[in-house]
Amino acid sequence: MTRIAVLAIAVLLPATAFHAQDTRAENRQIRAVLEGSEEVPSIMTDGRGSFRARISHDGGAIYYELAYDELEGTVTQAHIHIGQKGVNGGIAAFLCSNLGNGPAGTQTCPAPPARITGVIVAANVIGPNAQGVAPGELDEVIRALREGVAYANVHSTLWPGGEIRSQLGHDHDD
């Protein structure tokens, strides 16, 4: 092997290792801005929100923070859904609900301006079974987040299908 080839390998290996580490870290941290224009179909609302999440190193939990403000309807519930950009999908996990329809332990959604935090573990995953995610399959929800086929949204009395939304995880359009 020539000195140039050895030097090239020595230079590229650390860069490759750093990039791989960087990608894994990126896949554990999720940040999103929720807007009505991201709903399907788009909603013209003054409502806005943010969603932040961190996937635990062992993949056993998703720690999240959801904030929202200026919704035009009264908040009814918020979820993580499985669905690619521009498509509505089934509920994977509840973030909060005022309808009494979430699994035991689902927190209530406070009136805006609001900021809630929580942890999603396997026991909190309810599906969607019809989309290949069985109850309890947290690993499938994490996979959907990493592949950019999950979204968070906040539902209201005025917009029961969702008033604000954002795609989560990796965006394949970038």
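Above: the structure in question.
Computed from a predicted model, the values in this text were never measured in an experiment. Sequence order as written defines the numbering, with residues in each chain counted from 1. Given that the model is predicted, a residue must reach a pLDDT of at least 70 before its local features are reported, and side-chain atom pairs must reach 80 or more before they are shown or counted; all residues, however, enter totals for whole chains, interfaces and linings. Only hydrogens and water are set aside when side-chain values are computed; all heavy atoms of the structure are taken into account.

### Examining the overall build of the protein
- What the protein contains, in helices and strands, is 2 helices and 8 strands.
- Buried residues are those whose accessible area, probed at 1.4 Å on protein chains only, stays under 20% of the maximum for their type, while exposed residues exceed 50% and partly exposed ones sit between those limits. Relative to its full complement of 174 residues, the protein shows a buried share of 39%.
- In this analysis, two residues are considered to be in contact whenever any of their non-hydrogen atoms come within 4.5 Å of each other. For the protein, the share of sequence-separated contacts (at least 6 apart) that also reach a separation of at least 24 residues comes to 58%.
- Surface exposure here means Shrake-Rupley accessible area, sampled with a 1.4 Å probe, where a residue is shielded only by the protein chains that are shown. A total of about 9,400 Å² of accessible surface is found on the protein, and carbon and sulfur atoms cover 56% of it. Each helix corresponds to a stretch of at least 4 residues labelled H or I by DSSP, and each strand to a stretch of at least 2 residues labelled E; elements are numbered beginning at the N terminus.

### Focus: the packing of aromatic side chains
- Any two of the Phe, Tyr and Trp rings considered here, Trp counted by its six-membered ring, make a pair once their centres fall within 6.5 Å; the pair's planes then place it as stacked at under 30 degrees, edge-to-face at over 60, or tilted in between. Summed over the entire model, instances satisfying the criterion amount to 1 aromatic pair.
- Centroid distance Phe51 to Tyr64: 6.2 Å. Interplanar angle 15°. Geometry classified as stacked. Placement of Phe51 in strand 2 (residues 48-55) and of Tyr64 in strand 3 (residues 62-69) is noted, with a sequence separation of 13 residues between them. Each member of the pair Phe51 and Tyr64 is classed as buried.

### Topic: the nonpolar core
- Grouped together as the largest cluster of nonpolar side chains are 35 residues, with contacts concentrated most on Phe51, Ile62, Leu66, Tyr68, Ile120 and Val154.
- Here the element with the most residues in this core is helix 2 (residues 138-147); it accounts for 5 residues. We call a set of buried residues a nonpolar core when its members are Ala, Val, Leu, Ile, Met, Phe, Trp, Tyr or Cys and they connect through side-chain atoms within 4.5 Å of each other.

### Comments concerning unusual backbone geometry
- Of note, the bond from Val40 into Pro41 is cis; its omega dihedral lies within 30 degrees of zero at -5°.
- Mapped onto the secondary structure, Pro41 falls in the loop between strand 1 (29-35) and strand 2.
- At the junction of Gly127 and Pro128, the peptide bond is cis and its omega measures out at 10° in the coordinates.
- Topologically, Pro128 is positioned in the loop between strand 6 (114-120) and helix 2.
- Of note in the backbone geometry, Glu70 takes a positive phi value of approximately 55° without being a glycine.
- For Glu70, a relative accessible area of 39% puts it in the partly exposed group.

### Observations concerning the state of the cysteines
- Two cysteine sulfurs form a disulfide in these notes if their separation is within 2.5 Å. If you walk through the whole model with that rule in mind, you get 1 disulfide.
- Paired by a disulfide, Cys96 and Cys109 hold their sulfur atoms 2.1 Å apart. Taking the sign of the S-S torsion, about 100° here, the bridge from Cys96 to Cys109 comes out right-handed. You can see Cys96 sitting in strand 5 (residues 91-97) and its partner Cys109 sitting in the loop between strand 5 and strand 6, a full 13 residues away along the chain.

What is shown is where atoms sit, not what they do.
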